[in-house]
Amino acid sequence: MKICVLVKEVPDAAVEKRIDPSTGRLDRNGEKNLNPFDTHAIEAAMQIKEGGAVDVDEVVAVTMGPESAVRALHKAVSLGADRSVHLTDQALAGSDVAATGYALAQTLEAESPDLVLLGQQSDDGECYTIGAVVADHLRMPSLTQVIKIDVSEGQLRCERQAEYGYDTVDLELPAVISVGDAINEPRYPSLKAIMGAKKKPLDTKATGDVGIDASMVGEDGSRVACGNFHDPPEKEPGQIIEDEDTAETVEKIVAWLDERKLI
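How each quantity is defined
- Residues numbered from 1 in each chain as written.
- Predicted model: local features only at pLDDT ≥ 70, side-chain atom pairs only at ≥ 80, totals over all residues.
- Heavy atoms only, no water.
- Salt bridge = Lys/Arg side-chain N within 4 Å of Asp/Glu carboxyl O.
- Helix = DSSP H or I, 4+ residues; strand = E, 2+ residues; numbered from the N terminus.
- Buried < 20%, exposed > 50% of the residue type's maximum accessible area, 1.4 Å probe, protein only.
- Expected span 1.5 Å × (residues − 1).
- Patch = residues over 30% accessible without salt bridge, like charges linked within 9 Å, V, L, I, M, F, W, Y side chains within 5 Å.
- Areas by Shrake-Rupley, 256 points an atom, 1.4 Å probe, with all protein chains shown as cover.
- Polar contact = N/O pair within 3.5 Å; in protein donor to acceptor, adjacent residues only side chain to side chain.
- Core = buried A, V, L, I, M, F, W, Y, C linked by side-chain atoms within 4.5 Å.
- Contact = heavy atoms within 4.5 Å.

For the rest of this paragraph, the subject is the pattern of salt bridges. Enumeration according to the criterion identifies 13 salt bridges in this entry. Of the charged contacts in the structure, one is a salt bridge between E111 and K2, with a shortest N-O distance of 3.1 Å. Here E111, found in helix α3 (residues 97-111), pairs with K2, found in strand β1 (residues 2-6); they are 109 residues apart in sequence, far enough to count as distant. Judged by its relative accessible area of 16%, K2 is buried. Notably, a salt bridge pairs R157 with D170, separated by 2.7 Å at the nearest N-O pair. Residue R157 is found in strand β10 (residues 155-162), and its partner D170 is found in strand β11 (residues 165-172); the two are separated by 13 residues along the sequence.

Helix length check: helix α1 (residues 36-51) (16 residues) gives 23 Å between terminal C-alpha atoms against 22 Å at 1.5 Å per residue, within 8%. Where α1 is concerned, the buried positions are F37, D38, T39, H40, A41, I42, E43, A44, A45, M46 and I48. Of the residues one or two after α1, G52 is the one with positive phi, at around 85°.

Taken together, the side chains of V250, V254, W256, L262 and I263 make up a nonpolar region of the molecular surface, amounting to roughly 480 Å² of accessible area. By the secondary structure assignment, I263 is in the segment after α6 (246-259).

Locating Y164 in the fold gives a position in the loop between β10 and β11. The class for Y164 is exposed, based on a relative accessible area of 72%. Linking Y164 and G65, residues 99 residues apart in sequence, is a C-alpha distance of 37 Å. Only 3.4 Å separates the side chain of Y164 from the side chain of E163, close enough to count as a polar contact.

Below, the discussion takes up the nonpolar core. I3, V5, L115, L117, I149, L156 and I177 are the most contacted members of the largest nonpolar core, which totals 36 residues. Among the elements that take part in this core, α1 stands out by supplying 6 residues, more than any other. In this view, I177 contacts L115, V116, L117, L118, L143, V146, I149, L156, C158 and L171; residues no more than four positions away in its chain are not counted. Judged by nonpolar contacts, the second largest core, of 25 residues, contains V62, V134, A135 and V217.

Take it as geometry only, folks, not as evidence of what the structure does.
Okay, structure coming up:
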């Protein structure tokens, strides 16, 4: 059995998110990290591999992104993935969810995985849909918000969060599963794993290597056009009322609330 885990490089949580006015897209300068939701997918893959219910030949981390995204792959292999695949090409810049899903599906098709795992969302785009897009191109069944996976030969039994409670779903492999962050507690990589991450096999692919139609990716191949995005206006500073005279202070506060029809 081969498991592929889709991972993504995202701006670090401590970095303030802003729109690049020249492109209308998220400014990705600054510190970056592995998407935290994808660490749950890697942990799920490792638990399947270590669980013994099925024989897992390898766990492969797959990403699409610029050259810097290789650091996300190093983190993924330090968490247990056996090797990684990096799809990187300038032709992919500006791809929307539909174009990205298509490009990743083409990359995965070359790998022929039995199971594709990914986090429920990315920490930057938060679109929740990339798994479904990938599954559609691969013509595989797909589930989202999965919080438990039981694997047997050729099939899965998954428990997923629903609007009211939980659903238990049986499906046959191959399949694409988006896991929720309640599925597990990701492990921390050991120092030895971190040091050895750069030595694990890394396969770099361009669009032509996996049969991607250039007209279906990038800004021109995307179905979503960026509009006139801009940063929200700065908030006006609040009014500070000094408590020199309590009665006067109360009157000012009541007047301020009354003026805004809040009382």
